[in-house]
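Topology and contacts: notes
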Amino acid sequence: MVESSAPQPHNEIQSRAVTAGVNLAALPKHVAIIMDGNGRWASGHGMMRLVGHRQGYKTLKRVLLEASDLGIQYLTVYGFSAENWRRPEEEVSGLMRLIEEAARNELNDLIEKNVRVLVAGDLKTVPPTLRNALNDLIASTAENTGITFTLAINYGGRAEIVDAVRALLRDGVAPDEIDEEALAKRMYCPSLPDPDLMIRTAGEMRWSNFLIWQAAYAELFVTDVSWPDFGVDNLIEAVLAYQERDRKFGALSS
Ligand code: FPP
């Protein structure tokens, strides 16, 4: 017998997820992704690394819409880390151009799809044209009410914590008044709930300085699939794995 209280699928992605065993009433609210493996994907196909990043951009466009259709409310992705500047100049400038192109080209589509865009990271040191494109994207989508898509650009988790500590000092917060809430509200995107599920592609079992404050209790899902090959079934698999975990937040199992 079908339980009448179980939420019914509203679209193809949700039907697919339900068929795979996903409970639509217990989706992770906030999913964060470390989109790794673009370079390896490209060399595996005998192509330049930047071709892998371009393919990764296509995957990202698709996954954002799939996550939204599935019912995920917040998606945050690691687009460029504070450590990625150490890559060869050609790759760094290629990535900057690609992200700027994406920000400009996707603007109308993101508005139409009701996506709200936020950016986490230090934009002071990115090329001004990229900074402007990202600020346009944030401003033009600010009133949207669908999925919140956060791009981490020039983002480092430790740097974010250092910036938050600086803000505490600038605000004159006394040592005794400093608590987790005071620090949390000085992070780059304080309106975001903490991620529930952190996905990493391409097999590496590392955090790589991504959302290290916010992901304290996130469930980690690592897949060997490279980011350009990450498909909707991989997303569903990650959500299923998440739903099978027993989230205890330091307490005992219920
Ligand atoms: C890691 O793969 C990926 C990145 C450093 C960049 C992620 C960028 C994209 C998905 C391109 C589009 C982004 C936006 C925001 C439009 P890697 O190069 O470290 O792969 P490897 O470990 O195989 O070398």
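Note that the coordinates shown come from a computational prediction; the quantities given were computed from them, not determined experimentally. (Residues numbered from 1 in each chain as written. Predicted model: local features only at pLDDT ≥ 70, side-chain atom pairs only at ≥ 80, totals over all residues. Heavy atoms only, no water.)

Taken together, 19 residues are adjacent to the ligand, and D36, G39, R40, R49 and R87 come closest. In the model, an oxygen atom of the ligand is placed 3.2 Å from a nitrogen or oxygen of the G37 main chain. The backbone of G39 places a nitrogen or oxygen atom 3.1 Å from an oxygen atom of the ligand. Contact with the protein chains covers 91% of the free accessible surface of the ligand, which is 630 Å². When residues of the shell around the ligand are traced back to their parent elements, those giving at least two are helix 2 (38-44), helix 3 (49-70) and helix 4 (89-112). Of the residues that constitute the shell around the ligand, the class distribution is eight nonpolar, seven polar and four charged. (Near = heavy atom within 4 Å. Polar contact = N/O pair within 3.5 Å; in protein donor to acceptor, adjacent residues only side chain to side chain. Areas by Shrake-Rupley, 256 points an atom, 1.4 Å probe, with all protein chains shown as cover. Helix = DSSP H or I, 4+ residues; strand = E, 2+ residues; numbered from the N terminus. Nonpolar A, V, L, I, M, F, W, Y, C, P; charged D, E, K, R; others polar.)

This paragraph deals with the pairing of strand 2 (residues 74-81). Burial of strand 2 is extensive: seven of the eight residues sit out of reach of the surface. Inspection of the sheet shows strand 1 (residues 30-34) paired to strand 2 by four bridges, in the parallel sense. The residue of strand 2 that forms the bridge with A32 is T76. (Buried < 20%, exposed > 50% of the residue type's maximum accessible area, 1.4 Å probe, protein only. Pairing = 2+ DSSP bridges.)

Further remarks concern the packing of aromatic side chains. Evaluation of the coordinates by the stated rule reveals seven aromatic pairs. Seen from their ring centres, Y78 and F210 are 4.2 Å apart, and the 15 degrees between their planes marks the pair as stacked. Of this pair, Y78 sits in strand 2 while F210 sits in the loop between strand 5 (197-200) and strand 6 (219-222), and the two are 132 residues apart along the sequence. The pair Y78 / F210 is uniform in exposure class, with both members buried. Seen from their ring centres, F80 and W85 are 4.9 Å apart, and the 70 degrees between their planes marks the pair as edge-to-face. For F80, a relative accessible area of 0% corresponds to the buried category. Exposure remark for W85: the relative accessible area of 33% places this residue in the partly exposed category. (Phe/Tyr/Trp six-rings, centres within 6.5 Å; stacked < 30°, edge-to-face > 60°.)

Glancing now at the environment of L27. By the secondary structure assignment, L27 is in the loop between helix 1 (12-20) and strand 1. What makes L27 buried here is its relative accessible area of 17%. When the C-alpha positions of L27 and S226 are compared, they lie 24 Å apart, and in sequence the two are 199 residues distant.

Another point: a nonpolar patch on the surface. A contiguous nonpolar patch, built from M47, M48 and V51 and spanning about 250 Å² of accessible area, is present on the exposed surface. Of note, M47 is situated in the loop between helix 2 and helix 3. (Patch = residues over 30% accessible without salt bridge, like charges linked within 9 Å, V, L, I, M, F, W, Y side chains within 5 Å. Salt bridge = Lys/Arg side-chain N within 4 Å of Asp/Glu carboxyl O.)

Pairing is parallel in the open sheet, where six strands are placed in the order 3-4-2-1-5-6. The two strands at the open ends of the sheet, each matched to only one other strand, are strand 3 (116-120) and strand 6. When the angles between neighbouring strand axes are averaged without regard to direction, this sheet yields 20 degrees. As judged from the four bridges shared by strand 1 and strand 5, these two strands associate in the parallel manner. Within strand 5, the position partnered with I34 by the bridge is R200. Against the sheet, helix 5 (residues 128-141) makes contact with strand 3 and strand 4 (148-155), and its axis sits at roughly 140 degrees relative to strand 3, the strand it touches most. (Axes fitted to C-alpha atoms, helices over the stretch in contact; angles between N-to-C directions. Contact = heavy atoms within 4.5 Å.)

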